[in-house]
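Architecture and fold: a report
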Amino acid sequence: MAFSDKEEKLKGSKLLQNTSTSRLRYEGFCSENSMESLNSDIIYTILSDHVPASSVLNCKLVCKTWKTLLSGYKVGLIFLVALRGETDAQLYYGYYEEVMNDQGQFSHEVLTKINLPPIQMVEDEQPMIVGSCNGLVCISVPENDNPFIYDPVYICNPTPGECINLPKLSQEHCHIVSGFGYLPKTNEYEVVRIYYSYANPSGKVQVYTLGNCGGGWRNIKVKDIPIQFYNVPRVAGNGVIYFMDTLKWRVVTFDLADENFRLP
């Protein structure tokens, strides 16, 4: 159907008017229902209680109001500290905002020592934190015979000062990559250990379920193990551990529910 120039202009004017009205309604809706319209106490509760601690630091960068509101919020962190000349590493607790001095350098002097036995180092190779879930911390410890092999055998709960040691891998001449995760469906914590050796160059997978008395490490049969994993930082969440395949530079997931690797 054809329209005259006058009709076209009238039609266009109504369209713009409707669009403008809709935009005003939308902007009014956003303004009335945005975070800024809430009471400051409610905003603080939302950000401090319902946002992950690591993300709260980024929230301070959103606007001046949030920065001022969160100025008193502190993020507690666990530190594994090995002082120069010492043969043991020790767990400490502190706040992110306090561990950096005025020169931007890390200082352990403001940290609080956690009442746990020290973790022995081997030839200046210090233990490494594999991951943490709901207050539990998994730490990989260097082997006595080969300090470059890190076995995830130390689990601790810093708050009550409790720790357990898992059985170490008996395999020699191997490379170990590990992860630590939580499966909400079964309320279980699991340690995943992937090790490569001359006898098993393609890798073997073992899983240890905490609280499974007498269960020990279980050998897991998987379809394919992406090659090659290295000890780059791992992330865990929602029952999944994320690894990095450093040959193809891609993220590979390990699902704790069915204990299989997948490409996301």
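Overview of the structure. (Residues numbered from 1 in each chain as written. Predicted model: local features only at pLDDT ≥ 70, side-chain atom pairs only at ≥ 80, totals over all residues. Heavy atoms only, no water.)

**Overview of the packing of aromatic side chains**
Under the criterion given, the structure shown has five aromatic pairs. Here Tyr182 and Tyr189 contribute two aromatic rings whose centre-to-centre distance is 4.6 Å and whose plane-to-plane angle is 40 degrees, an arrangement assigned as tilted. Note on Tyr182: relative accessible area 21%, which makes it partly exposed. You can call Tyr189 buried: its relative accessible area is 17%. On the basis of an interplanar angle of 65 degrees and a centroid distance of 6.4 Å, the ring pair of Phe243 and Phe261 is categorised as edge-to-face. Of this pair, Phe243 sits in strand E14 (residues 240-245) while Phe261 sits in strand E16 (residues 260-262), and the two are 18 residues apart along the sequence. By relative accessible area, which is 13% here, Phe261 ends up buried. Among the aromatic residues, those joined into a ring-pair cluster are Phe180, Tyr182 and Tyr189. Sitting over the ring of Trp217, Arg193 keeps its end group 3.7 Å from the ring centre. (Phe/Tyr/Trp six-rings, centres within 6.5 Å; stacked < 30°, edge-to-face > 60°. Buried < 20%, exposed > 50% of the residue type's maximum accessible area, 1.4 Å probe, protein only. Helix = DSSP H or I, 4+ residues; strand = E, 2+ residues; numbered from the N terminus. Lys NZ or Arg CZ within 6 Å of the ring centre and 35° of its normal.)

**Focus: the sheet that holds E16**
Here four strands make up an open sheet; going across it, the order is E13-E14-E15-E16 and the pairing antiparallel. Two strands close off the open sheet at either side, each with one partner strand: strand E13 (235-237) and E16. Within the sheet, the average angular offset between the axes of one strand and its neighbour, ignoring direction, is 30 degrees. Sheet topology note: the strand E15 (residues 250-255)/E16 ladder contains three bridges and is antiparallel. (Pairing = 2+ DSSP bridges. Axes fitted to C-alpha atoms, helices over the stretch in contact; angles between N-to-C directions.)

**Here we look at helix H2 (residues 40-50)**
By the burial criterion, the buried members of H2 are Ile43, Leu47 and Ser48. All buried residues of H2 lie within an arc of 110 degrees about the axis, which places them on one face of the element. Of the residues in H2, the exposed ones pointing more than 90 degrees away from the buried face are Asp41, Asp49 and His50. (Arc of directions from axis to C-beta.)

**Topic: the pairing of strand E6 (residues 136-142)**
Most of E6 sits out of view: seven of its seven residues are buried. The two faces of E6 match: Leu136, Cys138, Ser140 and Pro142 on one face and Val137, Ile139 and Val141 on the other face are all buried. Bridge count between strand E5 (residues 128-133) and E6: five bridges; the pairing is antiparallel. Across the sheet, residue Met128 finds its bridge partner in E6, namely Ser140. Once E5 ends, the chain turns through two residues before running back antiparallel as E6, passing Asn134 with a positive phi of about 50 degrees.

**Digging into the nonpolar core**
Membership of the largest hydrophobic core comes to 25 residues, with the highest contact counts inside it found for Leu166, Phe180, Val191 and Leu210. For this core, the secondary structure elements donating two or more residues are strand E2 (88-95), E5, E6, strand E7 (150-157) and strand E10 (188-197). Looking at this core element by element, the count peaks at five residues for E6. (Core = buried A, V, L, I, M, F, W, Y, C linked by side-chain atoms within 4.5 Å.)

**Notes on the pattern of salt bridges**
Taken as a whole and judged by the stated rule, the model has four salt bridges. For Arg262, the salt bridge identified is with Asp255, shortest N-O distance 3.6 Å. With relative accessibility at 40%, the residue Arg262 sits in the partly exposed group. Across the pair Asp258 and Arg262 runs a salt bridge, and its minimum N-O distance is 2.4 Å. (Salt bridge = Lys/Arg side-chain N within 4 Å of Asp/Glu carboxyl O.)

Limitation: the analysis is restricted to geometry and does not speak to function.
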